[in-house]
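A structural walkthrough
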Amino acid sequence: MLAGLDQARPPYEGYYNWFCGEDLKGLRRKSAEAEAFFRRIGITFNVYGQEEADERLIPFDIVPRIIAAREWAKLERGIEQRVRAINAFLHDIYHRQEILRAGRIPEHLIAGNDAFLPQMIGVNPPGGVYTHIVGVDLVRTGEDEFFVLEDNARTPSGVSYMLENRETMVQMFPELFTKLKVRPVSAYPQLLRRSLSDSAPQNSPNDKPVVAVLTPGIHNSAYFEHAFLADRMGAELVEAHDLRVENGRVAMRTTRGYKPIDVLYRRVDDDYLDPLTFNPESVLGVPGIMDVYRAGNITLANAPGTGIADDKALYSYMPDIIEFYTGEKAILPNVPTWRCSEPDALAYVLEHLSELVVKEVHGSGGYGMLVGPVASKKEIAAFEKKLRAKPANYIAQPTLSLSTVPILTKAGLAPRHVDLRPFVLVSPNRIDMTPGGLTRVALKKGSLVVNSSQGGGTKDTWVLGD
């Protein structure tokens, strides 16, 4: 927020001038109101494997993160380039595998990868889209320096928090939205509906594409979001027992019998999607749905097998992937990455564990990682054993000097580290990006881990108009 003592950076000037004239007690009261609001409408997530209450509120900070129009324009170009490359890569890897033939990616990274689904080889998704919804995690390290931390091409979550954060801020501080040109985010559910409808199979028996959201059920950590998005899109929220395969299509139960579905926005993992194709013990999926999908009679968003694109071992090859499919250099750089499967890289990582961040290749949610600079000697020693036992399971990255933004504390403003997850919608003819996205903030002083499951919170992200 600040370029120097009491001197705001240009994007924050209007907000900072307003903040300096506000009463700190009044702002703390507003913060408590926001928490009460989130609790009342049930914006929670579930935590697994912990003894305390399994349903938690994600802490919300009322100081917005503000991005200038010029900054956002560059991010938009870089993210769009990346998303196009990911889609081209997925089509190639499940068809001709030109990138492997060209030697740009080692074959073993695909062949031995659990996220690669042989069942998807030769399958053409309706409209040619694999990743209908993508979340790209970004970190900032300087005035004009952004890095991509990771790609979320399976089932990116968090968009409901982005929308509710904005609604809360508009209710509490309407004067700021009239004073500053903050670009709206409220159209996301309508854009999601349009994007999914545009991706429907061409041979639909319905007059208008029928869209449904498939949830594993109320005990899933992101169930609030599943219900929220279905409601906002005007789509049905369904579970596996509401669906069946009928006359070569997937149909959902209604009060007037079964009705064919064109697009299923599925929030169920690949392995549980179809017990006849994947895990035979799954009760969360629909028997035979993959046969319908292979026949081109339903759109699954995102397509099965997209997880190979957000695998952390493949992440380090993203600049090559972008250049291979677009002919351009990556606009947004990757964080430098050591692949622990390579002996030289492993030797370096083992020597410098106390300085690095080490992550599981298939890990998510901040689990299974070591943040060297804040880890104890005992934690480092334990992690070293795991790393030596299965080096291919890990990658390592330097601890970047991440940018901070202020949060409101009892003493006033205090800096905390953040990342940003913009949400991208892809359909056969267009790419839509919501201005901003979800800013996740590490609420513990000095912490670099922003995940809600690890004590992180969220804040509203403002992208200013021109």
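Just above sits the structure.
For the structure given in this document, a descriptive report is provided here. (Residues numbered from 1 in each chain as written. Predicted model: local features only at pLDDT ≥ 70, side-chain atom pairs only at ≥ 80, totals over all residues. Heavy atoms only, no water.)

Here the focus is the overall build of the protein. Helices and strands together make up the secondary structure of the protein, namely 14 helices and 24 strands. Here the C-alpha radius of gyration of the protein, 23 Å, is about what a compact globule of 466 residues would show, namely 23 Å. With the C-alpha coordinates of the protein rotated into their principal frame, the extents come out at 65 × 60 × 50 Å. Counting across all 466 residues of the protein, residues that qualify as buried make up 55%. Within the protein, contacts between residues separated by at least 24 positions form 68% of all contacts whose residues are at least 6 apart in sequence. Carbon and sulfur atoms provide 50% of the accessible area of the protein, an area that totals close to 20700 Å². Averaging the positions of the 53 positive and the 58 negative side-chain charges in the protein gives two centres separated by 3 Å. (Helix = DSSP H or I, 4+ residues; strand = E, 2+ residues; numbered from the N terminus. Rg over C-alpha atoms; globule rule 2.2 N^0.38 Å. Buried < 20%, exposed > 50% of the residue type's maximum accessible area, 1.4 Å probe, protein only. Contact = heavy atoms within 4.5 Å. Areas by Shrake-Rupley, 256 points an atom, 1.4 Å probe, with all protein chains shown as cover. Lys, Arg positive; Asp, Glu negative; His and termini not counted. Charge placed at Lys NZ, Arg CZ, Asp CG, Glu CD.)

Our focus in this paragraph is the side chain of D270. On the secondary structure map, D270 appears in the loop between strand 13 (263-266) and helix 10 (289-294). Look at D270 and you get buried, because its relative accessible area is 16%. There is a polar contact of 3.0 Å between the side chain of D270 and the backbone nitrogen of G305. Contacts of D270, omitting those with residues within four sequence positions, involve L117, F278, P304 and G305. (Polar contact = N/O pair within 3.5 Å; in protein donor to acceptor, adjacent residues only side chain to side chain.)

Strand pairing within a sheet occurs via backbone hydrogen bonds; the two strands may be parallel or antiparallel. Taken in spatial order, the four strands of this open sheet run 15-18-16-17, and their pairing is antiparallel. With partners counted over all chains shown, the strands left at the sheet margins are strand 15 (338-339) and strand 17 (370-371), one partner each. Of the strand pairs in this sheet, strand 16 (residues 356-360) and strand 18 (residues 394-398) are connected by five bridges, and their pairing is antiparallel. Looking at the pairing, E360 lines up with Y394 of strand 18. (Pairing = 2+ DSSP bridges.)

This next bit is on the pattern of salt bridges. Per the counting criterion, the structure on display carries 28 salt bridges. The salt bridge partner of R166 is D460, with a shortest N-O separation of 2.8 Å. Of this pair, R166 sits in helix 6 (residues 159-172) while D460 sits in strand 24 (residues 457-463), placing them 294 residues apart in sequence. For D460, a relative accessible area of 2% translates into the label buried. Through salt bridges with shared partners, one network takes in R9, E71, R140 and E143. (Salt bridge = Lys/Arg side-chain N within 4 Å of Asp/Glu carboxyl O.)

Here we have three strands laid out as an open sheet, ordered 10-11-12, and antiparallel in their pairing. Each having just a single partner strand, strand 10 (243-246) and strand 12 (257-260) make up the two edges of the open sheet. When strand polarity is set aside, the average angle formed by the axes of neighbouring strands in this sheet is 45°. Across four bridges, strand 11 (residues 249-254) lies against strand 12 in antiparallel orientation. Paired with M252 across the strands is K259, a residue of strand 12. (Axes fitted to C-alpha atoms, helices over the stretch in contact; angles between N-to-C directions.)

Our focus in this paragraph is the packing of aromatic side chains. A full pass over the atoms with the stated rule returns 16 aromatic pairs. Relative to Y325, the ring of F324 has its centre 4.9 Å away and its plane inclined at 85°; by these criteria the two rings are edge-to-face. F324 sits in the partly exposed class, given a relative accessible area of 27%. Note on F383 and Y394: the rings are 5.3 Å apart at their centroids and 65° apart in plane angle, and the pair reads as edge-to-face. Highlighted residues: F383 in helix 14 (residues 377-389) and Y394 in strand 18, separated in sequence by eleven residues. Given the relative accessible area of 5%, F383 is considered buried. Relative accessible area serves as the criterion here: at 6%, Y394 is assigned to the buried category. In textbook terms, an aromatic cluster arises when at least three aromatic residues are bridged by ring pairs, as seen for Y15, W18, F19, F173, F177 and W462. Across from the ring centre of F173, 5.5 Å away, lies the NZ or CZ of K30, which sits over that ring. When the ring centre of Y258 is taken as reference, the NZ or CZ atom of R244 above it lies at 3.7 Å. (Phe/Tyr/Trp six-rings, centres within 6.5 Å; stacked < 30°, edge-to-face > 60°. Lys NZ or Arg CZ within 6 Å of the ring centre and 35° of its normal.)

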